[in-house]
Amino acid sequence: MTSPNSDFLKAVVERGYLHQATDMDALDERALKGPITAYIGFDATADSLHVGSMVPIMLLRLLQKTGHKPIVLMGGGTTRVGDPSGKDESRQLLTDEKIQENIAGIKKIFSKFLTFGEGPTDAVMVNNDDWLRGINYIDFLRDYGKHFSVNRMMSFDSVKLRLDREQPLTFLEFNYMILQAYDFCELSRRMDCCLQMGGSDQWGNIVNGIELTRRVEEKQVFGLTVPLLTTASGAKMGKTASGAIWLNEERLPSYDYWQYWRNTEDADVGKFLRLFTELPLDEIERLEKLQGAEINEAKKILAHEATKLCRGEEAALKAAETAQKTFEQGAIGDDLPTKEIKSTDLEAGIGLLGAITEMGLTASNGEARRFVQQGAVKVNDQKIDDPRYSLNASDLDSDKVIKLSLGKKKHAVLKVV
RNA sequence: GGAGGGUUGCCCGAGUGGCUAAAGGGGGCGGACUGUAAAUCCGCUGGCUAUGCCUACGUUGGUUCGAAUCCAACACCCUCCA
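Trainee: How should I be thinking about the protein's contact with RNA strand B in this particular structure?
Mentor: What surrounds RNA strand B is a group of 30 residues, the closest being Gln-259, Asn-263, Asp-266, Gly-366 and Lys-408. One of the side-chain N or O atoms of Lys-299 is found 3.0 Å from a base nitrogen in RNA strand B. With respect to RNA strand B, the backbone of Asn-365 contributes an N or O atom lying 3.0 Å from a phosphate oxygen. Among the secondary structure elements, those contributing two or more residues to the surface near RNA strand B are helix H12 (254-262), helix H15 (295-311), helix H16 (313-328) and helix H19 (365-373). Here the surface near RNA strand B takes 5 residues from H19, the largest share from any one element. Considering only residue class, the surface near RNA strand B consists of 9 nonpolar, 11 polar and 10 charged.

Trainee: Honestly, unusual backbone geometry in this entry has me stumped. Any pointers?
Mentor: The phi angle of most residues is negative, glycine excepted, and most peptide bonds adopt the trans form. The residue Asp-381 is not glycine, and still its phi comes out positive at about 65°. When you line up the elements, Asp-381 lands in the loop between strand E11 (377-379) and strand E12 (382-383). Positive phi is not limited to glycine here, since Lys-400 has a value of about 65°. Within the fold, Lys-400 resides in the loop between strand E13 (390-391) and strand E14 (401-406).

Trainee: Even after reading the chapter, I still don't get the pattern of salt bridges, so can you show me in this structure?
Mentor: One side chain can pair with another of opposite charge once the charged atoms of both are near each other. Within this structure, the stated rule accounts for 25 salt bridges. Lys-271 serves as the salt-bridge partner of Asp-268, at 3.8 Å between the closest nitrogen and oxygen. When salt bridges that share partners are traced, they join Glu-186, Arg-189, Arg-190 and Glu-217 into one network.

Conventions we followed
Positions within a chain are numbered from 1, following the residues in the order the chain's sequence is written. Chains and ligands are labelled sequentially in the order written, the chains with letters from A and the ligands with numbers from 1. Under the rules for a predicted model, residues below a pLDDT of 70 receive no local features and side-chain atom pairs below 80 are neither given nor counted, while totals for whole chains, interfaces and linings still include all residues. As a rule here, side-chain values come from all non-hydrogen atoms in the structure, and water together with hydrogens is ignored. A cutoff of 4 Å decides nearness: a residue is near a molecule or strand if any of its heavy atoms lies inside that distance of it. We call two N or O atoms a polar contact when they sit within 3.5 Å, provided that within protein one can donate a hydrogen and the other can accept it, with sequence-adjacent residues counted only if both atoms are side-chain atoms. The way it works is that DSSP assigns letters per residue, a run of H or I at least four long becomes a helix, a run of E at least two long becomes a strand, and they are numbered from the N terminus. Basically, the charged four are Asp, Glu, Lys and Arg, the nonpolar ten are Ala, Val, Leu, Ile, Met, Phe, Trp, Tyr, Cys and Pro, and anything else, Gly included, counts as polar. One side-chain nitrogen of Lys or Arg within 4 Å of one carboxyl oxygen of Asp or Glu is enough to make a salt bridge.

Here it is, written out as structure tokens:
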């Protein structure tokens, strides 16, 4: 493959988005000639997306920035079926109402990353339920079913895995890939969409769609996948102890979002800067060369840029300020979780275990007890290892607040009113 | 429809009457070390009004002083036969 000439594909390659693609040269040529329309499909299984979807999201953004038209395809219809996906359990089926809510939540996130509208390169969001719901079974079988080889479908990893592990795969789930291929066909017909992108696990589905479109529409369309990211030490992106790193504010405070990026492993800094920020490449090269403690500067920039895109500049600055106060000055940042307490309650004494559980630092009193006994809990940076300890007025610092800490990174504040 | 095998904690997986809140591993978290990193070592990893109590080994009943372990029925899964 020669190196691409179009702005879009050039950036895709340089910034590390490319995993596999079909006929890159022809696609490159098409992208040089004028705006192309491309889509990525997303599930409607939750009302928000998490960091695991960030690579596809950034890819759509890049597409739009380089002068093309992104389509966000919501799998409202296919969510009603469920993807084989190699998981042993079939996916829980959701009600239509819940799916609608989920789509609304996800649209909110995309509106931060893409410009939606009617113009030639404005993004649009479509729901495959629009064309899947009305399908007539017999007609569909006749027109599309004949193009699918079961032999071939059995060879896809998602199916093979389930069969090899002797886990059930229902016919319903087996049909998922047919419906997904049909989506591409339909988008090509309706919106002249010529490119489907997605995670590398979607390669099989994408190729199916390309072939179906060629046979039914007699059009050449393209596919491009992005790598499925794991961190340098092999962990999945976007999962931490406290749960997924959600993109929406209702599910995850911006401070925590900022912290997630701030805690990137050294070995991932360059890769993440390329994928998740829009800094120029020469700047990124400079940053990833930083050694030792200096690389923390690069991580802060990563955290700032990533948070800015998703939560806005103000939220990013506030998070950075809180982090700086908390970690570098040992002070108390505004963004830390805070709870107001009555001074009369404090006079009576507030149990330490209950307090840290209430603040969400620990999940239960029992867990809180263990942490206290292990010496993981601090009150105003002073280690407390007595589980019976009771907070009282003498714990207030000069600003009339009490800082509670679990471990080095989790902090919360009690404020007297 | 018949025969056999299976269902254990977040996940994998041992356990076949009391010593079992259940081995081991993974994951996660905490501590030490550091740079809010990685690696390494140590510890923790059901809940509670806590020297005790409650809930938990697919579901419901039963046997027993005592059941994840034995019996019965049911549900789901797998394999083979029809």
